[in-house]
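Observations on the three-dimensional arrangement
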Amino acid sequence: MKKTKTIMQVAKRTFFLIAVAVAIESPTQAQLGGLIKKSLGGGGEQAGGGAEIGKMEEDLFSRVTPAADLLHESIQLYKEVLGLKIKDNTEAVKDKSKGAVVMAKFSACREGGKELEKAAKNLDKINMSPEQQEKYKQAHAKFREGFVAFVAVSVPVALAIKEITEKDPKALLFNKDLVLLGVACVRDLKTFADVGIASSRIGKAKIKEFPDDANNFKADTK
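Heads up: these notes are all about the structure in this document. (Residues numbered from 1 in each chain as written. Predicted model: local features only at pLDDT ≥ 70, side-chain atom pairs only at ≥ 80, totals over all residues. Heavy atoms only, no water.)

What the chain contains, in helices and strands, is six helices and zero strands. Its helices and strands taken in sequence order, the chain reads α-α-α-α-α-α from the N to the C terminus. For the chain, buried positions account for 44% of its 222 residues. Summarising the internal contacts of the chain: among those between residues at least 6 apart in sequence, 79% fall at separations of at least 24. Counting only carbon and sulfur atoms, one obtains 53% of the accessible surface of the chain, whose full area is about 11,900 Å². (Helix = DSSP H or I, 4+ residues; strand = E, 2+ residues; numbered from the N terminus. Buried < 20%, exposed > 50% of the residue type's maximum accessible area, 1.4 Å probe, protein only. Contact = heavy atoms within 4.5 Å. Areas by Shrake-Rupley, 256 points an atom, 1.4 Å probe, with all protein chains shown as cover.)

Structure representation (structure tokens):
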């Protein structure tokens, strides 16, 4: 429970940072370097501080990438089976940063999740062929695997981002992807748990021999 409370503290701080960022003009390169240097304790050269922040960002996004991949792949399967309408710009940002790709995948999962939850409230409208049922089971299994992987990394990633904010919250104003990742590590635990439960509801209603424990989606990280 203590870890869950810590994540909520990170969420509140990252939301605050986003709000502040909107109100501040874009900094010059010198200002950016100075703030990054300060956030790391004030020692070393400006470039070194920036490099360290960049290395941390690369590492943290690498840790959440496997979970993001699994969740995104599952949503694509749900989309194919149920004809979900999903906004997905993953392909459009594939040549940008790793952070941009991960966040695009999480965004697509949230979009697909909303549609899946809507479908779960209208079960009478869902009809699946035997082939579609098998694909649906694959989607659910993959989603559950991705959810478990995300729960496992969300706490340590959120705590790592929290450490940066403790040194100097303003440092994250210039690392948008890290701020968004910190928010996702809090907000999307419950979001994806709700999607998993909706998926289970559909599966149990429409598919024979659907796994009995398939609705076991817990966002509690205690």
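What follows deals with the pattern of salt bridges. Under the counting rule described, the total for this entry stands at 10 salt bridges. Linking E80 and K135 is a salt bridge whose minimum nitrogen-to-oxygen distance equals 2.7 Å. Linking E80 in helix α3 (residues 46-82) with K135 in helix α5 (residues 130-167), this pair joins segments that are 55 residues apart in sequence. Note on K135: relative accessible area 28%, which makes it partly exposed. Of the charged contacts, one joins K94 and E91 as a salt bridge, the two residues approaching to 2.7 Å between their closest N and O atoms. Connected through shared salt-bridge partners, R110, R187 and D188 make up one network. (Salt bridge = Lys/Arg side-chain N within 4 Å of Asp/Glu carboxyl O.)

Moving on to the side chain of K105. Here K105 lies in helix α4 (residues 98-120). The residues contacting K105, other than those within four sequence positions of it, are A68, D69, H72 and T90.

A word on the nonpolar core. Core analysis: the largest hydrophobic core is formed by 47 residues, its most contacted members being Y78, F106, Y136, V157, L181, F192 and I202. When contributions to this core are tallied by element, the ones reaching two or more residues are α3, α4, α5 and α6 (176-206). Tallying contributions element by element places α5 first for this core, with 12 residues. If near-sequence neighbours (up to four positions away) are discounted, L181 is found in contact with L60, F61, V64, M103, F106, V157 and I161. (Core = buried A, V, L, I, M, F, W, Y, C linked by side-chain atoms within 4.5 Å.)

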